[in-house]
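Chain and residue survey
The chain contents come next:
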Amino acid sequence: MTTSLAPSTTELETADRAWTDWSAQQWTYWRAEVARLASERDAVILAHNYQRPEIQDVAHHVGDSLGLSRIAAQASASTIIFAGVHFMAETAKILSPDKRVVIPDARAGCSLADTVTADQLRGWKAEHPGAAVVSYVNTTAEVKAETDVCCTSANAVEVVSSIPSDTEVLFLPDMFLGAHVKRMTQRDNIHIWLGECHVHAGISPQNLVQAVRDNADAELYIHPECGCTTSALWLSSTGDLPSERTHILSTGGMLEQARTSTAGKVLVATEIGMLHQLRKVNAHTEFEPVNPQASCRFMKMITPPKLITALRDGNDEVTVEEDIAARARSAVMRMIEIGTPGSGE
Ligand code: SF4
């Protein structure tokens with residue numbers, strides 16, 4: 001690692017393994033270099049809520065996957081630097097086909113999106129002819145292209161309710177979100193793909209019950225993809241969890257709720273990167289993770305040096321074949337027409 005006050009861009013980039021040891025002066029230089037390159041390359045930097053705090057702090061916009069894609073489509077910049085995972089950058093490209101979309105590391109995947117391929121979905125559709133396919137936004141462009149309508153965790157219930165009650169629904173890929181939708185819509189003709197995110201599934205009912213026991217007055221924010229959601233709703237209905245203090249929220253919903261919260265403490269059941277934004281919008285409430293180990297290693301693959309490389313060299317550029325993009329865009333736009341998409345992950 002260099003000790004110079006102003007390391008070259010290449011030095012910053014090659015210090016990938018040592019950036020956690022940067023001095024305050026090196027961080028200052030890095031922030032200035034990010035701003036300089038963004039301006040020079042006519043780039044807007046978008047960061048997902050689960051990104052490292054350092055990345056969130058230099059981004060022009062921080063938010064959930066769909067909200068960021070919509071910002072990308074409206075941005076005047078010609079280049080979008082998407083600090084998130086690959087399916088998110090793909091969605092931005094689908095909605096902004098004329099812009100250059102760059103992800104700082106194309107290997108940043110998603111264990112949930114990887115649970116279903118377009119081939120598998122085509123096979124599932126063949127088993128249920130006439131069924132409507134509803135896909136969560138955490139899916140690849142190819143899967144979205146085989147989808148009738150996309151959904152986020154905030155509008156999944158609304159999207160499924162918009163489908164005629166006598167039409168079968170194939171819901172994918174998240175089984176926890178699917179179980180939540182099935183319960184809320186009271187439909188028995190929903191088939192749910194058995195996919196899960198390893199991070200959210202790792203937030204267990206045991207974590208939740210223990211956290212609630214340890215913090216008797218705290219409020220709970222629970223993302224519907226969490227493994228604990230089903231049990232959280234059940235525990236809430238049986239009185240084991242305080243229903244008036246238990247909130248099932250998308251990441252955008254968590255931020256909205258946090259802005260006006262007067263709670264002394266809030267326990268948060270989702271990826272721990274979310275805590276950075278929650279603490280920023282409300283400094284008076286203590287936000288604590290239900291499981292401090294709930295960290296997405298794919299999200300954390302985007303490092304400060306890689307952001308420099310992305311800005312400087314345009315690596316890794318995200319492309320989506322036009323016919324796939326067109327069909328995937330229809331599924332996303334249909335969701336937007338049904339109602340306010342709110343936010344997804
Ligand atoms: S937290 Fe889970 S769903 Fe989100 S990007 Fe990581 S692996 Fe995918």
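It should be emphasised that the depicted structure is a prediction, and the values quoted were computed from it without experimental measurement. (Residues numbered from 1 in each chain as written. Predicted model: local features only at pLDDT ≥ 70, side-chain atom pairs only at ≥ 80, totals over all residues.)

1. As for the overall build of the protein chain
Scanning the protein chain from terminus to terminus reveals 16 helices and 12 strands. Taking 20 Å as the expected radius of gyration for a compact globule of 345 residues, we find that the protein chain reaches 20 Å, a close match to that expectation. Here the C-alpha coordinates of the protein chain stretch approximately 65 × 55 × 30 Å along the principal axes. Burial status across the protein chain gives 49% buried among its 345 residues. For the protein chain, the proportion of contacts with a sequence separation of at least 24, taken over those separated by at least 6, is 66%. (Helix = DSSP H or I, 4+ residues; strand = E, 2+ residues; numbered from the N terminus. Rg over C-alpha atoms; globule rule 2.2 N^0.38 Å. Buried ≥ 20, exposed ≤ 12 C-beta atoms within 10 Å, placed from the backbone. Contact = placed C-beta atoms within 7 Å.)

2. Structural notes on the site of the ligand
Every one of the 14 residues lining the ligand counts as a neighbour, but C110, L112, C197, V199 and C296 are closest to it. Its residues assigned to classes, the shell around the ligand comprises nine nonpolar, three polar and two charged. (Near = placed C-beta within 6 Å. Nonpolar A, V, L, I, M, F, W, Y, C, P; charged D, E, K, R; others polar.)

3. Some remarks on the environment of L177
Relative to the helices and strands, L177 resides in helix α9 (residues 175-185). By the C-beta count within 10 Å, which is 31 here, L177 ends up buried. Residues L177 and C226, 49 residues apart in the sequence, show an inter-C-alpha distance of 8.2 Å. In this structure L177 touches Y136, S153, A156, P224 and E225, once residues within four positions along its chain are discounted.

4. Looking at the nonpolar core
Within the largest apolar cluster, 100 residues are counted, with the highest numbers of intra-cluster contacts made by L46, I81, F82, A83 and A269. The greatest single-element share of this core, amounting to six residues, is contributed by helix α5 (residues 86-95). With near-sequence residues (within four places) excluded, I81 lies in contact with A43, I45, L46, V102, A310 and L311. (Core = buried A, V, L, I, M, F, W, Y, C linked by C-beta atoms within 7 Å.)

5. Overview of unusual backbone geometry
Between L172 and P173 the backbone carries a cis peptide bond, its omega angle lying at -5°. Tracing the chain through its elements places P173 in the loop between β7 (169-172) and α9. Positioned with a positive phi, D42 is a non-glycine residue whose angle comes to about 55°. Within the element layout of this structure, D42 appears in the loop between α2 (24-40) and β1 (43-48).

6. Observations regarding the environment of F298
Counting through the fold element by element, F298 comes out in the loop between β12 (286-289) and α15 (304-313). Spatially, the C-alpha atom of F298 lies 8.3 Å from that of G84, the residues being 214 residues apart in sequence. The residues touching F298, leaving out its near neighbours within four places in the chain, are V85, A108, G109 and C110.

7. Side note on the pairing of strand β9 (residues 219-222)
Side-chain direction in a regular strand flips from residue to residue, so the side chains alternate between the two faces of the sheet. Because side chains alternate across β9, one face comprises the buried residues E219 and Y221, and the other comprises L220 and I222, equally buried. Across four bridges, the pairing between β9 and strand β11 (residues 265-269) is parallel. Its bridge partner lying in β11, E219 is registered against V266. Pairing of β9 with strand β10 (residues 246-248), which is carried by three bridges, proceeds in the parallel orientation. When the sheet's bridge partners are listed, I222 is paired in β10 with I248. (Pairing = 2+ DSSP bridges.)

8. Side note on the confidence of the model for the protein chain
Overall, the prediction assigns the protein chain a mean pLDDT of 90, with 92% of residues at 70 or greater. The model gives residues 1-5 a pLDDT under 50, and that stretch makes eight contacts with residues more than four places away or in other chains. (pLDDT = per-residue confidence, 0-100.)

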